[in-house]
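Below are the chains, spelled out letter by letter.
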Amino acid sequence: MLKNEKKPRPSCEHGFVSLRRSAERGFTLVELMVVIVIIGLLATIVAVNVIPASDKARVEKAKADISTIEQALEQYRLDNLTYPNPAEGLQALLTAPPSLPQPERYRRGGYIKKLPDDPWGRAYQYMVPGKKGAFDIYSLGADGQPGGEADNADIYSSEI
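Scope of this entry: the structure provided in the associated data block. (Residues numbered from 1 in each chain as written. Predicted model: local features only at pLDDT ≥ 70, side-chain atom pairs only at ≥ 80, totals over all residues. Heavy atoms only, no water.)

A look at the packing of aromatic side chains
For step 1, the next point in the chain: Under the criterion given, the structure shown has six aromatic pairs.
For step 2, the next point in the chain: Residues Tyr 106 and Tyr 111 carry aromatic rings whose centres are separated by 5.1 Å and whose planes lie at 90° to one another, so their mutual orientation is edge-to-face. Tyr 111 matches Tyr 106 in its accessibility class, with the two residues each being buried.
For step 3, the next point in the chain: The interplanar angle of 20° and the centroid separation of 4.6 Å between the aromatic rings of Tyr 138 and Tyr 156 together place this pair among those described as stacked. Taken together, the residues Tyr 138 in strand β2 (residues 136-139) and Tyr 156 in strand β3 (residues 155-156) connect sequence positions 18 residues apart. You'll find Tyr 138 and Tyr 156 in the same group, each marked buried.
For step 4, the next point in the chain: An aromatic cluster is built from Tyr 76, Tyr 106 and Tyr 111, whose rings are joined through pairwise contacts.
For step 5, the next point in the chain: It is Lys 131 that lies over the ring of Tyr 156; its NZ or CZ is 3.8 Å from the centre. (Phe/Tyr/Trp six-rings, centres within 6.5 Å; stacked < 30°, edge-to-face > 60°. Buried < 20%, exposed > 50% of the residue type's maximum accessible area, 1.4 Å probe, protein only. Helix = DSSP H or I, 4+ residues; strand = E, 2+ residues; numbered from the N terminus. Lys NZ or Arg CZ within 6 Å of the ring centre and 35° of its normal.)

Okay, structure coming up:
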C-alpha cells in the first residue's frame, strides 16, 4: 500500500453495519410496530375462523346429547311399556319413579348414568307428547329463549 492511500474500512462505509454494532442497537420503533400489526392481523384471522366453529360444535354436541337421551328413553319404554310422564320427566332415566306400575321392570342402575346439560349450561327439556312423535327432547339454544335463529334456534329431537 502506498502511504497516501487509506486502509479500506470495514463494510460500514458501504452501507452495512457491523454485526456487533447492530446487535447493540436493537429494533427500531417502526420495526416493532410492523411486527405487532402483523401479529394482530394473524390473531384476527384465527379468531374469525375459530369462533364460528365453536358455535357449530355446540349445536352438534346438543344434537349428540339429545340422541343419547332419546336412546335411553327408548330403553325405558321397552322395559316399562311406556315413556315417563311429564311430571317424572328425564329424572325417570336416573331413578325409578314411584308411580311405576311394575317397579321390578325398571333397570337396576337406571338408563343413563348422568343427564347432561346442554352446551350452554341448561338442562334439556322433555315434552310429552312431542311435536311429531311420542316425545321431544329439546334445548332452547344459545339464548335460552323459545324460538330464535342460527345459534339461538331451538334444537328438537323430532327435527334432527
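Having seen it, we continue.
Things to note about unusual backbone geometry
For step 1, the next point in the chain: The peptide bond linking Val 128 to Pro 129 adopts the cis configuration, its omega dihedral lying at -10°.
For step 2, the next point in the chain: If you check the backbone angles, Leu 81 has positive phi at about 65° while not being a glycine.
For step 3, the next point in the chain: Under the relative-accessibility criterion, Leu 81 is labelled exposed at 60%.
For step 4, the next point in the chain: Even without being glycine, Ala 150 reaches a positive phi, approximately 55°.
For step 5, the next point in the chain: Checked against the element boundaries, Ala 150 lands in the loop between β2 and β3.

Some details on the side chain of Asp 118
For step 1, the next point in the chain: When you line up the elements, Asp 118 lands in the loop between α2 (29-80) and β1 (125-127).
For step 2, the next point in the chain: Buried within the structure, Asp 118 lacks any salt-bridge partner; its nearest side chain of opposite charge belongs to Arg 122, at an N-O separation of 4.2 Å.
For step 3, the next point in the chain: Reaching out from Asp 118, the side chain makes a polar contact with the side chain of Ser 139 at a distance of 2.8 Å.
For step 4, the next point in the chain: With sequence-adjacent residues up to four places away left out, Asp 118 is seen in contact with Tyr 124 and Ser 139. (Lys, Arg positive; Asp, Glu negative; His and termini not counted. Salt bridge = Lys/Arg side-chain N within 4 Å of Asp/Glu carboxyl O. Polar contact = N/O pair within 3.5 Å; in protein donor to acceptor, adjacent residues only side chain to side chain. Contact = heavy atoms within 4.5 Å.)

Focus: a nonpolar patch on the surface
For step 1, the next point in the chain: Together, Phe 27, Leu 29, Leu 32, Met 33 and Ile 36 line one region of the surface with nonpolar side chains, adding up to about 570 Å² of accessible area.
For step 2, the next point in the chain: Inspection of the secondary structure assignment puts Met 33 in helix α2. (Patch = residues over 30% accessible without salt bridge, like charges linked within 9 Å, V, L, I, M, F, W, Y side chains within 5 Å. Areas by Shrake-Rupley, 256 points an atom, 1.4 Å probe, with all protein chains shown as cover.)

Some details on the sheet that holds β1
For step 1, the next point in the chain: Here three strands make up an open sheet; going across it, the order is β1-β2-β3 and the pairing antiparallel. In this open sheet, the two edge strands, each paired with only one partner strand, are β1 and β3.
For step 2, the next point in the chain: With two bridges connecting them, β2 and β3 associate as antiparallel partners. Across the sheet, residue Tyr 138 finds its bridge partner in β3, namely Tyr 156.
For step 3, the next point in the chain: Packing of α2 onto the sheet brings it into contact with β1, β2 and β3, and relative to β2 it is tilted by some 155°. (Pairing = 2+ DSSP bridges. Axes fitted to C-alpha atoms, helices over the stretch in contact; angles between N-to-C directions.)

Remarks on the nonpolar core
For step 1, the next point in the chain: Among the nonpolar cores identified, the biggest contains 22 residues, and Ile 69, Leu 73, Leu 90, Leu 93 and Ile 137 are the most heavily contacted of them.
For step 2, the next point in the chain: Among the elements that make up this core, the one with the highest residue count is α2 (seven residues).
For step 3, the next point in the chain: Not counting the four nearest positions on each side in its chain, Ile 69 is found in contact with Leu 90, Leu 93, Ile 112, Pro 116, Tyr 124 and Ile 137. (Core = buried A, V, L, I, M, F, W, Y, C linked by side-chain atoms within 4.5 Å.)

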